[in-house]
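Chains, contacts and geometry: an overview
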Number of protein chains: 2
Amino acid sequence: MVIPVETFFLNPSAQGTLQARIQQMVAEGILSGRFRHGEKLPSTRKMAQHLGVSRITVTLAYTELLASDYLVSRGRSGYFVSENAPEPPDFGPLASRQDKVDWDSTLSRRYTTGPRLDMDKPADWTRYKYPFIYGQTDASLFDHANWRLCAMKALGARDFALLTQDQYDQDDRELISFIARHTLPRRGIIASEDEILITLGAQNALWLAAQLVALDRKTVVEDPCYPALRGLLRQAGAEICPVPVDQDGLNPDALPVDTKVICTTPSHQCPSSSTLPRARRDALLKRAADMGAIIIEDDYEFEMSFLRPPSPALKSLDEDGRVIYVGSFSKSLFPGLRLGYLVGSAEFIREARALRASVLRHPPGHVQRTAAYFLSLGHYDALIRKISRAYAERRQITETAILHHGLEIAGKGAHGGSSIWMTTPDGTDTVKLANALRERSVLIEPGAPFFAGPDRPSSFFRLAYSSIPAQRIEEGVARIAEALAQPQRGG
Amino acid sequence: MVIPVETFFLNPSAQGTLQARIQQMVAEGILSGRFRHGEKLPSTRKMAQHLGVSRITVTLAYTELLASDYLVSRGRSGYFVSENAPEPPDFGPLASRQDKVDWDSTLSRRYTTGPRLDMDKPADWTRYKYPFIYGQTDASLFDHANWRLCAMKALGARDFALLTQDQYDQDDRELISFIARHTLPRRGIIASEDEILITLGAQNALWLAAQLVALDRKTVVEDPCYPALRGLLRQAGAEICPVPVDQDGLNPDALPVDTKVICTTPSHQCPSSSTLPRARRDALLKRAADMGAIIIEDDYEFEMSFLRPPSPALKSLDEDGRVIYVGSFSKSLFPGLRLGYLVGSAEFIREARALRASVLRHPPGHVQRTAAYFLSLGHYDALIRKISRAYAERRQITETAILHHGLEIAGKGAHGGSSIWMTTPDGTDTVKLANALRERSVLIEPGAPFFAGPDRPSSFFRLAYSSIPAQRIEEGVARIAEALAQPQRGG
């Protein structure tokens, strides 16, 4: 491959002769990893023309670089980066530059300070033999062939002109229509198109909702809950009130007075898996109405109801327009897809659409259209059935192994799901447990990050069966039991 | 197509007999547009089982719906939505629901109040014969075939496992590597991987940068500028100071004292097309350093330099880490792609990454990988050359027509671009001009929204040649000249 001549620029503030500066430019390109072994340099003629210098200057610079083994010459075919050229330092930060900006005083606020739960999961989790982790779909279950066909259809001539356009603040009409006609009715929700907004995954939906309603408002979160929820509420300026959940989820009587926003996962509490009973749903809506509060319903994992039909969404009972509903295809299609949706009153959705337009305009059209085809051709339903069967089998094996090895379940969800919420004999620090297990190729998720501080219970952990093959579950659970039986390591 | 039985739910708060409620449920589904003519209903057996009612109740409900012509029966093949069923009211808002939330007091702030320039462009612009509009790529120029091939490659087995995963806060390494090694060096910028963040288009990059550095800071914007920039700065809590640009762009001497953030388009001022000369670049960096200010450089349209090689980015002169660089593939690949990038100090990028993770996690993996292939296989460079040739031709024709018809150019950019900034004889209101031209199938963009209020000049307009076929330009310009020659219509 020839390195394009356009990628060469002489550093205008560098010292020295032209020839020395050209040498430096090439050497820095090699040292920084931009130019790689075997790549061909532009000819002396082209380089001279591009830089506006004489050809002999470039030739002399190249000759010096030959002598110092940065380059090799292959006769008439030209100059190449030498195999013996110094290795780049793994593309790390360039030491030569000195940052003169005081970022502490320049940044309006820091976003790197919160807990980084997800990021603490090893990125190379596929290399572990017993990955009991949540949120990473098992690629072997995905209907790759039909997804490809839908993607090709969406890349076809019919859709292409549409998809290449800037949609400003609009969503894909076919996707919206499918969600309105098929996805939401299954949750008991009837919504018109102007009550739906496509988002970049559930995270983006929760973020938009929080920005719109949570500023300076007393905002209830379930304790424990999805940790990133507390982070995005903090960023939105919410006054966060964690309310402990019990075996039946959030207790409406436990809500503080003057609550203005209630974030809840009624279908499938995250992470304890409980389902909010009908009586509590009615009570929750009534208390919210009395306090003039908004409810943000994260309808987390409703598709994974393989044991029992899912209860309708809380939103289906909402006569007031008080419930903002968050749905997602990401987890069940695949997390890298990044597609979710918000359902709420038209007035709320209008504001959410305007905020989304300012933040990112719209989710990529091609991804939306591909999903619309995948859904409308029935592949999504078939996929859900396939995943459900696999999860049902894995759950059965997991429960049997848990029973066999005497582990303790804290919550497992009557409908199904992809994980079991576990507890351990008093005093076990599951962060240490997880670290010890990692050395034995077992990944579990410590429970503490799900709780609001400062006295987080350390004895819970989440055992997800969505990514681990069925035949490895028994041995994985056995290893957890062994580790629990050992005296705790570390401080 | 059979309507899935799971989409049926009895309204729990509805009155009446079970049979009446089933009838109402089906009729509402038809009236709301969810069930369409010819679609098949679930069998009475399935429906009865799903709802937990007796089969005879369902049969009686269906029979009533036959009588009222909502359904037709086709003997043993079952019940279908009748061709004569009432038409749904175009899927508008459902009148039956009463929103009881006071959104005025509930919403923390409104986002729909700002100018909606982009949204004022007709969504059906392709139906106009002379669309001199910006930001919509001519689909006929796009290399559709190779994009499809790259998309297929990215959907192949090798990449698929990777792309289905949640990447948490990480970007596609191949895309980052290509940007670092090839794209940025062409702009004179050497950056390491931790100094680059992929964003959901340039809009998202500007939004992230503004959130991080503009709160309560005196922030200079060029006047005129990209209108959405002022909107996202306002949302970020910036103190906005518009500074008029001249033929050479932003004048560093005109910056107010204590400016802390400077938003600029040095390569190609938006919308006036001027290029910031080298002396002003040095002066701008020096003044910024003296004031301790951050510069946000939007390197807008640098690829469209078909008349003269582009000047290196301002960022290439930045020794201090003071310049935050915004680049984008969206406009030149296609706007619906939504891919851009931020380049800045590693510390800044770390914060931007954390903020992005909270807002949307990461741009979809498949889109990133497809772009990485399209770039690294050389298709992007070829596309840019093809677009440049087309634009060069169109620009030539446009300039000739402008000269021929006696129109007046305010700024046209020495390097190229995709539009010409026009002015009109004193007193012409280009909003009225644009409305009059629209009736003659000509679209132009009035200049007023680019200016900061309240005394926006009304006499400018932007004439873009990126979407209009070459052979229509002459006639389109002729029509503009005709309209300008007419006495102004309206108030």
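Going along each chain's sequence as written, the residues are numbered from 1 onward. Both sets of labels track the order of writing: A upward for chains, 1 upward for ligands. Two thresholds apply to this predicted model, a pLDDT of at least 70 for residue-level local features and 80 or more for giving and counting side-chain atom pairs, whereas whole-chain, interface and lining totals are computed over all residues. Excluding hydrogens and water, the side-chain values take into account all heavy atoms of the structure.

**Notes on the overall build of chain A**
Tallying secondary structure elements over chain A gives 16 helices and 15 strands in all. Across its three principal directions, the C-alpha atoms of chain A cover 85 × 60 × 50 Å. The long-range fraction of contacts in chain A, counting pairs at least 24 apart against all pairs at least 6 apart in sequence, stands at 73%. The protein chains shown are the only cover counted for residues, whose accessible areas, like all others here, come from Shrake-Rupley with a 1.4 Å probe. Carbon together with sulfur atoms contributes 51% to the accessible area of chain A, which is approximately 19,100 Å² in total. In chain A, the 58 positive side-chain charges and the 57 negative ones have mean positions that sit 5 Å from each other. Where helices and strands are cited, they refer to DSSP runs of H or I of at least four residues and of E of at least two residues respectively, numbered from the N terminus. Working rule for contacts: check all heavy atoms of both residues, and any pair within 4.5 Å makes them a contact. Counted charges follow a simple rule, with Lys and Arg positive, Asp and Glu negative, and His plus the chain ends left uncounted. Where a charge lies is defined by one atom per residue type, namely NZ (Lys), CZ (Arg), CG (Asp) and CD (Glu).

**Considerations on the interface of chain A and chain B**
Of the residues lining the interface, 118 residues belong to chain A; the matching set on chain B comes to 117 residues. Here Glu347 of chain A and Arg110 of chain B are joined by a salt bridge, their closest N and O atoms 2.9 Å apart. Polar here means any residue outside two lists: the nonpolar Ala, Val, Leu, Ile, Met, Phe, Trp, Tyr, Cys and Pro, and the charged Asp, Glu, Lys and Arg; Gly therefore counts as polar. Across the side of chain A that touches chain B, the residue classes break down as 52 nonpolar, 32 polar and 34 charged. Whenever Lys or Arg places a side-chain nitrogen within 4 Å of a carboxyl oxygen from Asp or Glu, that contact is recorded as a salt bridge.

**Focus on the domain arrangement of chain A**
A common way to state how big an interface is: give the accessible area lost once the parts meet. These domain boundaries are the output of an automatic or database domain assignment. Domain annotation for chain A reports domain 1 (5-81), domain 2 (125-141 + 382-485) and domain 3 (144-377). On a C-alpha basis, the centroid separation for the pair domain 1 of chain A and domain 2 of chain A is 56 Å.

**Details of helix α1 (residues 18-31) of chain A**
Residues and elements named next belong to chain A. End to end, α1 covers 20 Å across 14 residues, agreeing with the expected 20 Å (1.5 Å per residue, within 8%). Taken residue by residue, α1 has Arg21, Ile22, Gln23, Met25, Val26, Ala27, Gly29 and Ile30 as its buried positions. Against α2 (44-51), α3 (55-67), β1 (71-73) and β2 (79-81) lie the buried residues of α1. To estimate the expected span of a helix, count its residues, drop one, and scale the result by 1.5 Å. Whether a residue is buried, partly exposed or exposed follows from its accessible area with a 1.4 Å probe, protein chains only, as a fraction of its type maximum: under 20%, in between, or over 50%, in that order.

**A look at the relation of the copies chain A and chain B**
For the pair of chain copies, the relating transformation is a rotation about an axis with a translation along it. Each copy is superposed on the other by least squares, with the fit set by C-alpha atoms of residues at a pLDDT of at least 70 in both. For the match of chain A to chain B, the screw axis carries a shift of 0.1 Å, the RMSD comes to 0.1 Å, and the turn is 180 degrees. Both copies of the chain, as the preceding transformation shows, are related through a two-fold rotation axis. Taken together, the interface assignments show that 99% of the residues at the interface of chain A recur at the interface of chain B, consistent with an identical surface on both copies.

**Some points on the nonpolar core**
Buried residues of nine kinds, namely Ala, Val, Leu, Ile, Met, Phe, Trp, Tyr and Cys, make up a nonpolar core once their side-chain atoms join them within 4.5 Å. Counting 125 residues, the largest nonpolar core has Phe132 and Ile444 of chain A together with Phe132 and Ile444 of chain B as the members making the most contacts within it. Filtering out sequence-adjacent residues up to four positions away, Ile444 of chain A remains in contact with Phe132, Leu433, Ala434, Leu437, Phe461, Arg462, Leu463 and Ile480 of chain A. With 74 residues, the next largest nonpolar core counts Ala214 and Cys263 of chain A together with Tyr111 and Cys225 of chain B among its residues.

**Brief notes about the packing of helix α8 (residues 173-186) of chain B against helix α13 (residues 365-376) of chain B**
Residue and element names in this part refer to chain B. Here an axis means a line fitted to C-alpha atoms, over the contact stretch when the element is a helix, while the angle between two N-to-C directions is reported on a 0 to 180 degree scale. Orientation of α8 relative to α13, taken along the N-to-C sense of each, is 40 degrees, at an axis distance of 8 Å. On the basis of their axis angle, the class for α8 and α13 is oblique. The two elements α8 and α13 cross, and the hand of that crossing is left-handed. Only Gln368, Arg369, Ala371, Ala372, Tyr373, Leu375 and Ser376 of α13 make contact with α8, whose side of the interface consists of Glu174, Leu175 and Phe178. The residue inventory of the contact of α8 with α13, partitioned by class, reads six nonpolar, two polar and two charged. Here is the rule for angles: anything less than 35 degrees is roughly parallel, anything more than 145 is roughly antiparallel, 65 through 115 is roughly perpendicular, and the remaining ranges are oblique. By definition, turning the near helix anticlockwise from the far helix through less than a right angle yields a left-handed crossing, and turning it clockwise yields a right-handed one.

**Regarding the pairing of strand β12 (residues 419-423) of chain A**
Residues and elements named next belong to chain A. Counting buried positions over the five residues of β12 gives five, a clear majority of the element. Residues Ser419, Trp421 and Thr423 of β12 are buried on one face, and the alternating residues Ile420 and Met422, pointing to the opposite face, are buried as well. For two strands to be treated as a pair, DSSP must find at least two bridges joining them. Where strand β11 (residues 408-411) and β12 come together, three bridges link them in antiparallel fashion. Residue pairing in the sheet places Glu408 in a bridge with Thr423 of β12. Strand direction decides the pairing type here: β12 and strand β15 (residues 460-464), joined by five bridges, are antiparallel. For Met422, the partnering residue across the bridge sits in β15 and is Phe461.

**Topic: the sheet that holds strand β15 (residues 445-446) of chain B**
One open sheet accounts for four strands, arranged β12-β13-β16-β15 (chain B); its pairing is antiparallel. Sheet topology places β12 (408-411) and β15 of chain B at the edges, where each strand pairs with a single neighbour.

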